Amino acid sequence: MPIQVRIPAPLRKLTNEQEIVTTEGASIADVLANLNAAHPGLFERICDENGNVRRFVNIFVNDEDIRFQQEKATPVKEGDEISIVPAIAGG
Amino acid sequence: MRGTFCFQQSVPSLATLAEITINMSDNQTYFSNLKCRECGRLYAKEAIHICEFDFGPLEADYDYARIAGCLNREVIASRPQSMWRYRELLPIDGEPTVGAQVGFTPLVRADRLARHLGVDELYIKNDTVNYPTLSFKDRVVSVALSRARELGFQVVACASTGNLANSVAANAAAAGLTSYVLIPANLEKSKIVASLVYGTQVIGIQGAYDQVNRLCSEIAGKYGWGFVNVNLRPYYAEGSKSMGFEIAEQLGWKIPRHTVVPMASGSLLTKIHKAYKEFIKVGVLEEAPFSVHGAQASGCSPISEAKKKNTDIVKPVSNPQTIVKSLAIGTPADGYYALRSMAQTGGSAEDCTDEEVLRGIRDLAEYAGIFAETAGGVTVACARKLIDSGKIPRHESIVLCITGHGLKTQEAIADHCGEPRVINPSLREFEALVANDSAVQTTA
């Protein structure tokens, strides 16, 4: 079973409007690289010029924020669900 | 790219120069476009909230030169007493259609509380009496729903820690809009009832606010709804500026030397800072030094922690633990900008324990006659710490932003106010009861 990645609306132009794309990899870094190979331009939207996940982007692996794990080194496996979510305001 | 237009054909929501020119020449509005706070790219005034290139938040931008030509103290003072007296600096195209009576809450000089805290000049910006739902959120919702109508939305929604849900529910009901409010299921009962009563769809989520927020972010574009703090966020957030405009006007057209603001996402603090700057920019106020300070509860204080460590990296809190649920946002979207506002103005941040929050609520009630929700207790408690540590000098003017009414969070304080003394309707019992009271001894 591949890894599913949920794409936020502002990035769907790069995925032919697909809300969910499938990919593979052993870590978030792998997943981002593979996503970029399939959908060029995605990486630079999600990561800054130093390759770090941008300040206003949240990435979750099965509902867990990667900032509470190992950031881009967070391991992933087949069947995992990854969400890329923009930061939003309070309430 | 900062400050430049972007013309990528593949991104239809980006504004063309022609569109922007039309908007800027429209006499109805001085609100020109949306602009990425990170890279400065310009976008059309649609229901979008982040930059497609770097995920930076979009913010309303204005034609300040035109505003400076028509807005002054006399014009403002001649208008009805609501937040809409600053209409030129709020991001809608026409007249407000939702919440036209919101705002212009009292700025109260609190001399007894000032003496208690050991300072000379202290004011309370009292949004506990904001109309119609007794919190500052009516300001942001008034703008968001007025803009939602302009953009053609029939259904509005929000992620909320309570106050925003109350305000969306009430204002949507008055405007005839359908509303959905998504909240953590364990919110204070009074905040849940104060949403349900308006006939809104209340969805309780088994999780913390940050999880509610994430869910809303994922569903915002799915149903064609206007989510006030997601796809309408650039409009919504600007409503908070009215609190800053009012403070300056009510203080006699001057900025207080110190403003203490509670922080959840950090947005309110940044918008009060922006309000002061905008009034200076358009010539309503003269340049003067001022500091904005941030207040959080220790059980969820990611912004305060970053400030104390002198870093701009806001480390999220995975499991907020505090009675101050309205400020319990572990991943504050505007934390970075709140830190920047504090740094630019020489402000500081503090945080306080739940016990200190309760003392803050009681101090405000007993010395200023204002019953605030838990966030108000945070503001008072943190102000005390900033004063005692010398970060706020005792002889300089201070405004405390009190953002919500205490009736909304009675559970937090109920066991800490004592109990009524109950007797039979008997003069003898009454006299016996008060015999040792100081008030009786004084007047006997």
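Just so it is clear, the model here is predicted, and its values are computed rather than measured. (Residues numbered from 1 in each chain as written. Chains lettered and ligands numbered in written order. Predicted model: local features only at pLDDT ≥ 70, side-chain atom pairs only at ≥ 80, totals over all residues. Heavy atoms only, no water.)

**Side note on the overall build of chain B**
Thinking step 1. When helices and strands are counted, chain B shows 18 helices and 13 strands.
Thinking step 2. For chain B, whose C-alpha radius of gyration is 22 Å, the value lies close to the compact-globule estimate of 22 Å for 444 residues.
Thinking step 3. Taken along its principal axes, the extent of the C-alpha atoms in chain B is 85 × 45 × 45 Å.
Thinking step 4. In chain B, buried positions account for 60% of the 444 residues.
Thinking step 5. If you take every contact in chain B between residues at least 6 apart in sequence, the share linking residues at least 24 apart comes to 70%.
Thinking step 6. When the accessible surface of chain B is split by element, carbon and sulfur atoms take 51% of a total near 17,300 Å².
Thinking step 7. In chain B, 45 positive and 47 negative side-chain charges are present, and the distance between their average locations comes to 2 Å. (Helix = DSSP H or I, 4+ residues; strand = E, 2+ residues; numbered from the N terminus. Rg over C-alpha atoms; globule rule 2.2 N^0.38 Å. Buried < 20%, exposed > 50% of the residue type's maximum accessible area, 1.4 Å probe, protein only. Contact = heavy atoms within 4.5 Å. Areas by Shrake-Rupley, 256 points an atom, 1.4 Å probe, with all protein chains shown as cover. Lys, Arg positive; Asp, Glu negative; His and termini not counted. Charge placed at Lys NZ, Arg CZ, Asp CG, Glu CD.)

**Side note on the sheet that holds strand β12 (residues 349-352) of chain B**
Residues and elements named next belong to chain B.
Thinking step 1. Taken in spatial order, the 6 strands line up as β4-β5-β13-β10-β11-β12 in an open sheet, and their pairing is mixed. Edge positions in the sheet fall to β4 (107-109) and β12, since each has one partner strand and no second. This sheet shows a mean twist of 25° between the axes of neighbouring strands, independent of strand direction.
Thinking step 2. The strands that helix α15 (residues 374-388) touches are β10 (258-262), β11 (291-297), β12 and β13 (398-402); relative to β12, the one it contacts most, it runs at about 120°. (Pairing = 2+ DSSP bridges. Axes fitted to C-alpha atoms, helices over the stretch in contact; angles between N-to-C directions.)

**Here we look at the interface of chain A and chain B**
Thinking step 1. Contacts between the two partners involve 25 residues from chain A, matched on the other side by 40 residues from chain B.
Thinking step 2. Carbon and sulfur atoms supply 60% of the area buried between chain A and chain B, which totals about 2,700 Å² over both sides.
Thinking step 3. Our count for the contact surface shared by chain A and chain B stands at 3 salt bridges.
Thinking step 4. The partner of Arg-214 of chain B in a salt bridge is Asp-63 of chain A, and the shortest N-O contact between them spans 2.7 Å.
Thinking step 5. The set of elements that each furnish at least two residues to the side of chain A that touches chain B consists of α2 (42-46), β3 (57-61) and β5 (81-86) of chain A. (Buried area = accessible area lost by both parts, 1.4 Å probe. Salt bridge = Lys/Arg side-chain N within 4 Å of Asp/Glu carboxyl O.)

**A closer look at the nonpolar core**
Thinking step 1. The biggest cluster of nonpolar side chains holds 82 residues, and the ones touching the most others in it are Val-228 and Phe-279 of chain B.
Thinking step 2. For this core, the element with the highest residue contribution is helix α11 (residues 267-281) of chain B, accounting for 7 residues. (Core = buried A, V, L, I, M, F, W, Y, C linked by side-chain atoms within 4.5 Å.)

**Details of the confidence of the model for chain A**
Thinking step 1. With 95% of its residues at a pLDDT of 70 or more, chain A shows a mean pLDDT of 90.
Thinking step 2. Model confidence for chain A, summarised as mean pLDDT per element, is weakest for strand β4 (residues 64-65) of chain A at 86 and strongest for helix α1 (residues 28-38) of chain A at 95. (pLDDT = per-residue confidence, 0-100.)

**So, unusual backbone geometry**
Thinking step 1. Of note, the bond from Tyr-131 of chain B into Pro-132 of chain B is cis; its omega dihedral lies within 30 degrees of zero at 5°.
Thinking step 2. As for its position among the elements, Pro-132 of chain B is in the loop between β5 (122-126) and α5 (137-150).

**A look at the packing of aromatic side chains**
Thinking step 1. With the rule as written, the count across this model stands at 14 aromatic pairs over all chains.
Thinking step 2. Here the aromatic rings of Phe-56 of chain A and Tyr-336 of chain B are separated by 6.5 Å at their centres, their planes lie at 75°, and the arrangement is edge-to-face. Taken together, the residues Phe-56 of chain A in the loop between α2 and β3 and Tyr-336 of chain B in helix α13 (residues 335-345) connect one chain to another.
Thinking step 3. A relative accessible area of 15% means that Tyr-336 of chain B is categorised as buried.
Thinking step 4. Relative to Phe-279 of chain B, the ring of Tyr-86 of chain B lies with its centre 5.9 Å away and its plane at 65°, an arrangement referred to as edge-to-face. With a gap of 193 residues between them, Tyr-86 of chain B in the loop between α3 (73-77) and β4 and Phe-279 of chain B in helix α11 connect regions that are remote in the sequence.
Thinking step 5. Phe-279 of chain B sits in the buried class, given a relative accessible area of 0%. (Phe/Tyr/Trp six-rings, centres within 6.5 Å; stacked < 30°, edge-to-face > 60°.)

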